[in-house]
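Fold and geometry: a report
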Amino acid sequence: VKEVRVKRGNMQVLMEVVNQIGYRCLVEGVEASTIANVAGSTPPKMEFMGIENSRGMVLRHWRLNTVDMDDENADPTLKAMAEAGMVPNVIDYFDVDTDPREIFEPGQPYKIVMTSTVEGAKVYTEK
């Protein structure tokens, strides 16, 4: 088990990694007002995309649009970078619903995929 820790300002993201699969994601030190200041006038919301099967497990798929391109109050630097395809504007989050092997618990984070919807962008990260 490896621990990945990313710190930015007064916040940090923690994740444990086993065999290149991240789980037990934890975000600390983030307030809703901070997220709203970066994202725009309203904080982003996760949308349930459906159920998927992977490696014999049933996963729940959630999507978060990180930058509202139509929001005039969004951080201009972040918005410009997202519009240029330099940073991800979509985060797909998968957590475990059912694992027949009982390795992962229900609700445990399984993977996170960050992409850009901008044509020609080469932003892709999977954790």
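Please refer to the structure placed before this passage.
Residues numbered from 1 in each chain as written. Predicted model: local features only at pLDDT ≥ 70, side-chain atom pairs only at ≥ 80, totals over all residues. Heavy atoms only, no water.

1. Let's talk about the overall build of the protein chain
The number of helices and strands found in the protein chain is two helices and eight strands. Counted from the first residue to the last, the protein chain has its helices and strands arranged as β-β-β-α-β-β-α-β-β-β. Residue burial in the protein chain is summarised as follows: out of 127 residues, 31% are buried. Looking at the protein chain as shown, the accessible area adds up to about 8,400 Å², and 51% of this sits on carbon and sulfur atoms. (Helix = DSSP H or I, 4+ residues; strand = E, 2+ residues; numbered from the N terminus. Buried < 20%, exposed > 50% of the residue type's maximum accessible area, 1.4 Å probe, protein only. Areas by Shrake-Rupley, 256 points an atom, 1.4 Å probe, with all protein chains shown as cover.)

2. Focus on unusual backbone geometry
Even without being a glycine, Arg55 presents a positive backbone phi close to 55°. Secondary-structure assignment places Arg55 in the loop between strand E4 (46-54) and strand E5 (57-65). Of note in the backbone geometry, Glu102 takes a positive phi value of approximately 60° without being a glycine. Mapped onto the elements, Glu102 comes out in the loop between strand E6 (90-98) and strand E7 (109-115). A residue is classified by how much of its surface remains accessible, and Glu102, at 69% relative accessible area, is exposed.

3. Observations concerning the packing of aromatic side chains
Going through the model one piece at a time under the given rule, you end up with two aromatic pairs. Here the basic side chain of Lys111 rests over the ring of Phe94, its NZ or CZ set 5.0 Å away from the ring centre. (Phe/Tyr/Trp six-rings, centres within 6.5 Å; stacked < 30°, edge-to-face > 60°. Lys NZ or Arg CZ within 6 Å of the ring centre and 35° of its normal.)

4. Quick look at the sheet that holds strand E8 (residues 124-126)
Taken in spatial order, the five strands make up an open sheet running E4-E5-E6-E7-E8, and their pairing is antiparallel. At either end of the open sheet lies a strand with only one pairing partner, and these are E4 and E8. Averaged over all pairs of adjacent strands, the angle between their axes in this sheet comes to 20°, without regard to strand direction. For E5 and E6, the ladder comprises eight bridges, and the chain directions are antiparallel. Residue Arg60 lies in a different strand from E6, and its bridge partner there is Asp95. (Pairing = 2+ DSSP bridges. Axes fitted to C-alpha atoms, helices over the stretch in contact; angles between N-to-C directions.)

5. Brief notes about the pairing of E6
Two strands pair when backbone bridges link them, and E6 and E7 are joined in this way by six bridges, in the antiparallel orientation. Pairing of Tyr93 across the sheet is with Ile112, part of E7.

6. A short note on the environment of Ala82
By the element assignment, Ala82 lies in helix H2 (residues 76-83). For Ala82 and Thr66, which are 16 residues apart along the polypeptide, the C-alpha to C-alpha distance reads 9.1 Å. In contact with Ala82, not counting residues within four places along its chain, are Val67, Met69, Val87, Asn89, Ser116 and Val118. (Contact = heavy atoms within 4.5 Å.)

7. A word on the pattern of salt bridges
Applying the stated criterion across every chain, the model contains four salt bridges. Across the salt bridge formed by Asp95 and Arg60, the nearest N and O atoms sit 2.9 Å from each other. Within this pair, whereas Asp95 is found in strand E6, its partner Arg60 is found in strand E5, the two being separated by 35 residues in sequence. Its relative accessible area of 8% is what places Asp95 among the buried residues. Given the relative accessible area of 22%, Arg60 is considered partly exposed. (Salt bridge = Lys/Arg side-chain N within 4 Å of Asp/Glu carboxyl O.)

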